[in-house]
Amino acid sequence: MASLPTPTVTAAGATTKTYSSSFTTTSPVISSWPLFSKKCALNKPLKHKISCNAGSSENSLNNLDRRNVLLGLGGLAGAVNLTSVPSVGAAPISAPDISKCGTTPLTGFRPGDNTPTGGDCCPPDSTQIMDFKFPKNEAFRVRPAAHLLSPKYIAKFNEAIKRMKELPETDPRNFLQQAHIHCAYCNGAYTQSSSGFPDIEIQIHNSWLFFPFHRWYLYFYERILGSLIDDPTFALPFWNWDTPAGMTIPKYFNDPKNAVFDPKRNQGHLKGVVDLGYNGKDSDTTDIEKVKNNLAIMYRQMVTNATDPTAFFGGEYRAGIEPISGGGSVEQSPHTPVHRWVGDPRELNGENLGNFYSAGRDTLFYCHHSNVDRMWSLWKMQGGKHKDITDPDWLNTSFVFYDENKNLVRVYVKDCLFTNQLGYDYQRVDVPWLKSKPVPRAPRSGVARKSIGKVKQAKEVSFPVKLDKIVKVLVARPKKSRSKKEKEDQEELLIVQGITYDSEKYVKFDVYVNDEDDDASAPDQTEFAGSFAQLPHKHKGKTMSKTNFRAGLTELLEDLEADDDDNVLVTIVPRSGSEDITIDNIKIIYA
């Protein structure tokens, strides 16, 4: 494949220069992203095409010089000029008043021990809040793939984490204090009091806030680490679980002598291939099968099920409401299953990475989310409807974080849309899942028609339905045999509506389309439409939560030769914690 060209798009007002990464890898930097090859050569034609005009191919990332030039993955879509003034009359969620941070009992005690598993995750208070300003005249940071780090870079990473852990407990940059940030924003410690709704908590998962919150979180975490080792070029490695060579936990994370080590990980997964569709229990699939399934899951979640901003980012979440519209495709999977796959089953709540309140206590969390953040940039490169949300309530949502100088800083979503403006980029590596489109187990029309009389129509089902067993239902399509233009204008979507689940459990179910056999298809087969997954977390005064799930059908039905069918056979297979799940409706819409 062609080598990756160096992007030359700059932020408004910036001067274009060339810079190079100073990090070293144990093997050559791979710069063969199909997204940027001149021919965009792929093994199979994609319905979702990749833009091929990203610039010249003269320079690779290996010979760039990391100086104050603003370019990178995030800059390819261009820069925007957005001020940090909320829109008049809008209802964005405002940054929490951290002085009103409340403690949340996080779920009891460890087995055979009286040590609480949770506690206070509130940060130190501050009387002053600074508004964020873009960095100027600073070294550019390039986040490297974690499995390609040199011994020198590993030592630097360990030293930075070590120094963070050695900071006083009262220092907001301290390792545990930084972990508390995630706990406070997602476990009921903060409310929307700054927005005028003190009785409604802030939750940064399961909605369109997932990506921007975690981008800002990593931004400040990375800057703190760099400042502690006096290296402004230091960048967080990303756990490259979307490519076969990176699908295991890098071995330096498992060395007890290293600061990045965490004993609370699944001991059976320290050397194995990660399962991006992890159900809570190990399957009997081989590593080769896992790799194949992982690549298919990536294609499904980044292409088929991420056709527009709502599908990718998640549903809307405004002041005065709870995040019930549903999380985006990548948040559902692979993000959530990876959390649970790493978490320690010996711990009562899957600590550390397997529970929201404790996830930030494992350094691997930040490398995991560095790759999740990378998906945002990769998704936008696909062009078409793959654009950032333009809703002012999303753009003007704000958070607060402590920076490397212990200042409390207010940031807005609108200011994190482009990684180049924030001064970082990602190492160029292969993106093999673009060539891993699932193939049908049995491409044939009429599967749904054969089920008439054997399986109930959705309109005949008495909802809500409990998901304590496999659920099969025929769902009518409002329109069949749509034209090419109709398909380009509107995606056909399967909606599982009103999913009520126990938020204190790891819950997961898989969804299949036109899969008439009793043994469900594997993720590398087209009949697999996607997964709903939620990591355990607490809410104030309740344990049950409600949300929605959506999956793209347009490409899937074409591949199954079912585009002319009147109905779709939907099969929902419970995987983990599903005995408490109920579903309000299953339907097909166009959006």
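Along each chain, numbering runs from 1 in the same order as the chain's sequence is written. In keeping with the model being predicted, local features are shown solely for residues with a pLDDT of at least 70 and side-chain atom pairs are shown and tallied solely at 80 or more, while totals for entire chains, interfaces and linings include all residues. Side-chain metrics in this entry use all non-hydrogen atoms of the structure; hydrogen atoms and water are not considered.

1. So, the packing of aromatic side chains
A pair of Phe, Tyr and Trp rings is counted when the ring centres sit within 6.5 Å of each other, with Trp represented by its six-membered ring. The angle between the planes then sorts it: under 30 degrees is stacked, over 60 is edge-to-face, the rest tilted. Inspection of the entire model under this criterion finds 40 aromatic pairs. Measuring from ring centre to ring centre gives 4.9 Å for Y185 and Y190, while their planes differ by 75 degrees; the resulting arrangement is edge-to-face. Side by side, Y185 and Y190 carry an identical accessibility label, which is buried. A ring pair is formed by W216 and F220, whose centres lie 6.0 Å apart and whose planes are at 25 degrees; its orientation type is stacked. Residue burial is assigned from relative accessible area. The probe radius is 1.4 Å, only protein chains are included, and a residue is buried under 20% of its type maximum, exposed over 50%, and partly exposed in between.

2. Some details on helix α7 (residues 364-380)
The way it works is that DSSP assigns letters per residue, a run of H or I at least four long becomes a helix, a run of E at least two long becomes a strand, and they are numbered from the N terminus. By definition here, a helix of n residues has an expected span of 1.5 Å times n minus one. For α7, which comprises 17 residues, the first-to-last C-alpha distance of 25 Å matches the rise-based estimate of 24 Å (1.5 Å per residue) to within 8%. Within α7, 17 of the 17 residues are buried, leaving the element largely enclosed by the surrounding structure.

3. A word on the nonpolar core
One finds W216, W239, W394, F399 and W433 to be the most contacted residues of the largest nonpolar core, which totals 117 residues. Here this core gets 12 residues from one element, more than from any other, and that element is helix α3 (residues 210-228). Contacts were defined at the residue level, with two residues in contact if any of their heavy atoms lie within 4.5 Å. When neighbours within four sequence positions are excluded, F399 is seen to be in contact with A95, Y185, I204, L209, P212, F213, W216, V409, R410, V411 and V413. Side-chain atoms within 4.5 Å link the members of a nonpolar core, which is a set of buried Ala, Val, Leu, Ile, Met, Phe, Trp, Tyr and Cys residues. Within the second largest apolar cluster, 30 residues are counted, among which are A458, L494, V496 and L557.

4. Regarding the UniProt feature "domain: Tyrosinase copper-binding" (unreviewed entry) in the chain
Under the feature "domain: Tyrosinase copper-binding" (unreviewed entry), the UniProt entry names residues 205-222. Annotated as residues 205-222, this span is 72% helix and 0% strand, and its ends, taken at the C-alpha atoms, are 21 Å apart. UniProt positions are given in the numbering used here, feature names are shortened, and annotations may be inferred rather than shown by experiment.

5. Quick notes on the state of the cysteines
Two cysteines joined by a covalent bond between their sulfur atoms form a disulfide. Two cysteine sulfur atoms make up a disulfide if the distance between them is within 2.5 Å. Inspection of every chain in the model, using the stated rule, returns 2 disulfides. Across a sulfur-sulfur distance of 2.0 Å, C101 and C122 are joined as a disulfide pair. What sets the handedness of the C101 and C122 disulfide is the S-S torsion sign, and at about -85 degrees it is left-handed. With C101 in the segment before β1 (130-131) and C122 in the segment before β1, the pair connects residues that are 21 residues apart, well separated along the chain. On the basis of relative accessibility, which here comes to 16%, the residue C122 falls in the buried class.

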